[in-house]
Amino acid sequence: AKDRGRNGVARYEPRLQEDQAHQLNLLTAMRSSLKQGEGFSLHYQPKVDLATGRVLGAEALMRWSHPAHGPVSPAQFIPLAERSGLIVELGRWALREACRQAQAWRSAGWSDFTIAVNVSMVQCRRDDLAHDVLTSLADSGLPGQALVLELTESVLADSADALHAALRRLRALGVTLSIDDFGTGYSNLGYLSRLEVQQLKIDQSFVRRFLSSPPDRAIVETIIAMARKLGLNTVAEGVEEPAWAETLQALGCHTGQGYFWSKPLPAEAFWSRFNPLPALPAS
Ligand code: C2E
Ligand code: MG
Ligand code: MG
Ligand code: MG
């Protein structure tokens, strides 16, 4: 059924999520989109310094438009891509495209722009992740210091030596490791320092309720306090109201991201709305 989604965009939401044939159809369509280089794109959502209001960079979020049905939610196509292994090739594409775009914006004058890219656990478990990142950096010219990788909390529960070695290689490239949706998964907190994670993204389920729900407020305060003691940077995701941003800043959170500033935008729209370059004088 076609439904009006979150942003008033028509989204294709099948009623029978478990329908195998349907999943297979979606997967086949994704494979052919990827092969033809059509249908996939990245949208960019600003990350804002809560103290100054300055846009520091963006998170790249994958979008897919089914050739017949139109936009499909990432909540639907990402898990399918993960289960099928297609996320490896898709994630490689996203990494390359995000690095290329970020370096284009830096070259155009936004010289300290940083880009965050989501990396699935399936990609983390493969031993070519560090190589893929290295290739994306080398081909785009983007310095490793300008790249943030958003990893799922499950990397903090995995003791595999290969995974730890891959993360160390990424750190050696200067890349920032961030834990996405922090507080919703399982972590071995000892790995936070051992794996040289530098950033925690407070999950939006806590942010959404922290002003009205004392337990959620306690969780947000505790994550920020722990991050500060460990010398980690904090990002609050899902910030929708000015009061949330103000309170998060007062609690010591560094960075905010959410609809209060902007929903994720196509590249051109992101650039024209947020680039910090002075406007050209009219001639
Ligand atoms: P995420 O990485 O935690 O991204 C944040 C999600 O919250 C995004 O949903 C974003 O559009 C949404 N969001 C941002 N601000 C607000 C807000 O103020 N309120 C609300 N209600 N939502 C907000 P999106 O774009 O649908 O992506 C969903 C998830 O799909 C992402 O969660 C991420 O886990 C995954 N994903 C997206 N792109 C990629 C990708 O390139 N690779 C991988 N592996 N996963 C991706
Ligand atoms: Mg993310
Ligand atoms: Mg997140
Ligand atoms: Mg999330």
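If you're wondering where the values come from, they're calculated on a predicted model, not measured in any experiment. (Residues numbered from 1 in each chain as written. Chains lettered and ligands numbered in written order. Predicted model: local features only at pLDDT ≥ 70, side-chain atom pairs only at ≥ 80, totals over all residues. Heavy atoms only, no water.)

Engineer: Whenever I open this one, the overall build of the protein confuses me. Can you help?
Structural biologist: Counting secondary structure elements, the protein contains 11 helices and 12 strands. Taken against the 2.2 N^0.38 rule, which gives 19 Å for 283 residues, the C-alpha radius of gyration of the protein at 19 Å falls within 12% of a compact globule. For the protein, the residues scored as buried account for 49% of the 283 residues in total. Across the protein, the fraction of contacts at a sequence separation of at least 24, relative to all contacts at a separation of at least 6, is 66%. Summed over its atoms, the accessible surface of the protein is roughly 13900 Å², and 52% of this surface lies on carbon and sulfur atoms. (Helix = DSSP H or I, 4+ residues; strand = E, 2+ residues; numbered from the N terminus. Rg over C-alpha atoms; globule rule 2.2 N^0.38 Å. Buried < 20%, exposed > 50% of the residue type's maximum accessible area, 1.4 Å probe, protein only. Contact = heavy atoms within 4.5 Å. Areas by Shrake-Rupley, 256 points an atom, 1.4 Å probe, with all protein chains shown as cover.)

Engineer: I'm lost on helix H1 (residues 20-36) in this one. Help?
Structural biologist: Working note: α-helix, 3.6 residues per turn, so residues spaced by three or four point in the same direction. Here H1 is 17 residues long and its end C-alpha atoms lie 24 Å apart, about the 24 Å a rise of 1.5 Å per residue gives. Structurally, the start of H1 carries an N-cap: the backbone nitrogen of Ala21 is 3.1 Å from a side-chain oxygen of Asp19. A positive backbone phi angle near 65 degrees is found at Gly37, which sits one or two residues after H1. (Expected span 1.5 Å × (residues − 1). Polar contact = N/O pair within 3.5 Å; in protein donor to acceptor, adjacent residues only side chain to side chain.)

Engineer: Looking at this structure, how should I read the coordination of the magnesium ion (ligand 3)?
Structural biologist: Coordination of the magnesium ion (ligand 3) by the protein comes from Asp180 (OD), Asp181 (OD), Glu237 (OE) and Glu237 (OE), over a distance range of 2.0 to 2.7 Å. Mapping the donors of the magnesium ion (ligand 3) onto the primary sequence gives the spacing D-D-x55-E. The two metals, the magnesium ion (ligand 3) and the magnesium ion (ligand 2), are separated by 3.9 Å and share Asp180 as a common coordinating residue. Of this pair, Asp181 sits in strand S8 (residues 176-182) while Glu237 sits in the loop between strand S10 (233-236) and helix H10 (242-250), and the two are 56 residues apart along the sequence. For Asp181, a relative accessible area of 31% puts it in the partly exposed group. The exposure class of Glu237 is buried, given its relative accessible area of 6%. (Donors = N, O, S within 2.8 Å, 3.2 Å for Na, K, Ca; no water.)

Interpretation in functional terms is not warranted from these geometric data alone.
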